[in-house]
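# Chains, contacts and geometry: an overview
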Amino acid sequence: MILQYAFFQHALIGALLASVLCAVVGTYVVTRRMVIVGGGMAHASLGGVGVAAFCGFSPLAGAACFAALSGFAIQWLSRNRQVRQDSAIAMIWTLGMALGILFAYLTPGFMTDLPAYLFGDILSISGADLVALTVITLIAVGLYLLLRSAIISVACDSDFARTQGLPVTALQTVMMLLTAFTIVACLHMVGIVMVVSLLSVPQMTAAIFVRTYNAQLWLSALFAFVGCIAGLFLSFYADVPGGASVILVSIGIYLLCRTIKYTICKFIS
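These numbers were taken from a predicted model, which means no experiment stands behind them.

A tally of helices and strands in the protein chain yields 13 helices and zero strands. Reading the secondary structure of the protein chain in the N-to-C direction produces α-α-α-α-α-α-α-α-α-α-α-α-α. The dimensions of the protein chain, computed from C-alpha atoms along their principal axes, are 60 × 55 × 35 Å. Counting all 269 residues of the protein chain, 48% fall into the buried class. Taking contacts inside the protein chain between residues at least 6 apart in sequence as the whole, the part at least 24 apart equals 74%. Accessible area for the protein chain stands at about 12,800 Å²; split by element, carbon and sulfur atoms hold 71% of it. With 11 positive and 7 negative side-chain charges, the protein chain shows a spacing of 19 Å between the two charge centroids.

We now examine the nonpolar core. Membership of the largest hydrophobic core comes to 73 residues, with the highest contact counts inside it found for Tyr28, Ile122, Val190 and Leu198. With 12 residues, helix α1 (residues 6–31) is the largest single contributor of residues to this core. Those residues in contact with Tyr28, other than ones at most four positions away along the chain, are Met34, Ile151, Val154, Ala155, Gln172, Met175 and Tyr213. Residues Ile208, Leu219, Ile253 and Cys257 belong to the second largest nonpolar core, which totals 10 residues.

Here the protein chain shows a mean pLDDT of 89. Residues at 70 or above account for 98%. Of all helices and strands in the protein chain, the one with the weakest mean pLDDT is helix α5 (residues 114–119) (83), whereas helix α11 (residues 201–207) scores best (95).

With that settled, consider the packing of α1 against helix α12 (residues 213–238). Relative to each other, α1 and α12 sit at 145 degrees, their axes nearing to 8 Å. As for the relative orientation of α1 and α12, their crossing is right-handed in sense. A class-by-class count of the residues in the contact of α1 with α12 yields 21 nonpolar, five polar and no charged.

Further remarks concern the packing of aromatic side chains. Throughout the structure, instances matching the rule amount to nine aromatic pairs. Within the aromatic cluster, the residues linked to one another by ring pairs are Phe7, Phe8, Phe233, Phe236 and Tyr237.

Time to look at unusual backbone geometry. Although it is not a glycine, Arg33 sits at a positive phi angle of roughly 60 degrees. If you trace the backbone, Arg33 turns up in the loop between α1 and α2 (35–55). You can call Arg33 exposed: its relative accessible area is 75%.

A word on the side chain of Thr182. Inspection of the secondary structure puts Thr182 in helix α9 (residues 168–185). Not counting residues within four places of it along the chain, the set of residues in contact with Thr182 comprises Leu21, Cys22, Val25, Ile136 and Leu199.

The subject of this paragraph is the side chain of His43. Following the sequence through the fold, His43 ends up in helix α2. Look past the residues within four positions of His43 in its chain and what remains in contact with it is Trp93, Gly96, Met97, Ile192 and Val193.

Moving on: helix α4 (residues 85–106). Compared with an ideal rise of 1.5 Å per residue, which puts 22 residues at 32 Å, α4 spans 32 Å between its outermost C-alpha atoms and is within 8% of the ideal. Residues of α4 that are buried include every one of Ala88, Ile89, Ile92, Gly96, Gly100 and Ala104, and no others. Buried residues of α4, viewed axially, fall in a sector of 110 degrees; they line one side. Those residues of α4 that are exposed and aimed more than 90 degrees away from the buried face are Thr94 and Tyr105.

Applying the stated criterion across every chain, the model contains two salt bridges. Two residues, Asp86 and Arg84, come together in a salt bridge whose shortest N-O distance is 2.7 Å. Between Asp159 and Arg162 there is a salt bridge whose closest N-O contact spans 3.7 Å. With Asp159 and Arg162 both in helix α8 (residues 158–163) and three residues apart, the pair spans about one turn of that helix.

With that out of the way, let us pick up a nonpolar patch on the surface. A grouping of Phe54, Leu102, Tyr105, Leu106 and Met111 is seen on the molecular surface, where their side chains present a nonpolar patch of about 520 Å² in accessible area. Element by element, the count of residues in the nonpolar patch is highest for α4, at three residues. Structurally, Leu106 is set in helix α4. Residue Leu106 is classed as partly exposed on the basis of its relative accessible area of 43%.

Criteria and thresholds
Residues numbered from 1 in each chain as written. Predicted model: local features only at pLDDT ≥ 70, side-chain atom pairs only at ≥ 80, totals over all residues. Heavy atoms only, no water. Helix = DSSP H or I, 4+ residues; strand = E, 2+ residues; numbered from the N terminus. Buried < 20%, exposed > 50% of the residue type's maximum accessible area, 1.4 Å probe, protein only. Contact = heavy atoms within 4.5 Å. Areas by Shrake-Rupley, 256 points an atom, 1.4 Å probe, with all protein chains shown as cover. Lys, Arg positive; Asp, Glu negative; His and termini not counted. Charge placed at Lys NZ, Arg CZ, Asp CG, Glu CD. Core = buried A, V, L, I, M, F, W, Y, C linked by side-chain atoms within 4.5 Å. pLDDT = per-residue confidence, 0-100. Axes fitted to C-alpha atoms, helices over the stretch in contact; angles between N-to-C directions. Left-handed = near helix turned anticlockwise from the far one by under 90°. Nonpolar A, V, L, I, M, F, W, Y, C, P; charged D, E, K, R; others polar. Phe/Tyr/Trp six-rings, centres within 6.5 Å; stacked < 30°, edge-to-face > 60°. Expected span 1.5 Å × (residues − 1). Arc of directions from axis to C-beta. Salt bridge = Lys/Arg side-chain N within 4 Å of Asp/Glu carboxyl O. Patch = residues over 30% accessible without salt bridge, like charges linked within 9 Å, V, L, I, M, F, W, Y side chains within 5 Å.

What follows is the structure in structure tokens.
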């Protein structure tokens, strides 16, 4: 029985934790239309992986620092109108990847480990990964439950939230940091290249059926978990990369749900 293997049990637990975490953070990211910013942060985190490996530190710690710094850099550049946001994202995105590849090349033996960070493997999740995912998920869920009204207000309309006296800048900073940590926590599952899909595709699928922020969040967690589990089994039995399997299945679920709703609406009308 496949469930008797420890690595598969770790993958199942990791899928559940990542689904909840990405639902909380991803719903905010999608609502604020920050998906491309999230992609820029994810790809820029490769710079932290390479620099940390070259300096002898934890690559994931370096990735977290670079992801957070890139998010703030994009936000600062676009807020001060020094450059357009898409241009800022492109610059930070490519800078991070260039640094990551350069320092990975300079680090003896590390280039062989680089694909694990780029593409991930849900079946290789370790106990340490689960601990990190658990801590970050508990923090994310706790913050959402405590500050739900404020987070929803900032996500939907930050200008209106500011007129209501809410600490918009502080909340945006906290959510930016949480986004960076979420990206890093999910690297071993789907990798730098595809992690942004976990922050957007399940939310897009949930939005087909619901309209409220809270309902979209929890329904996206369900869709994310189903996608992760189906991708996990596909990866194991077909002997194909886990990260790619999860994302392909998640997008397949989105297309299926979109087709079903379109067919039903067409039939009713």
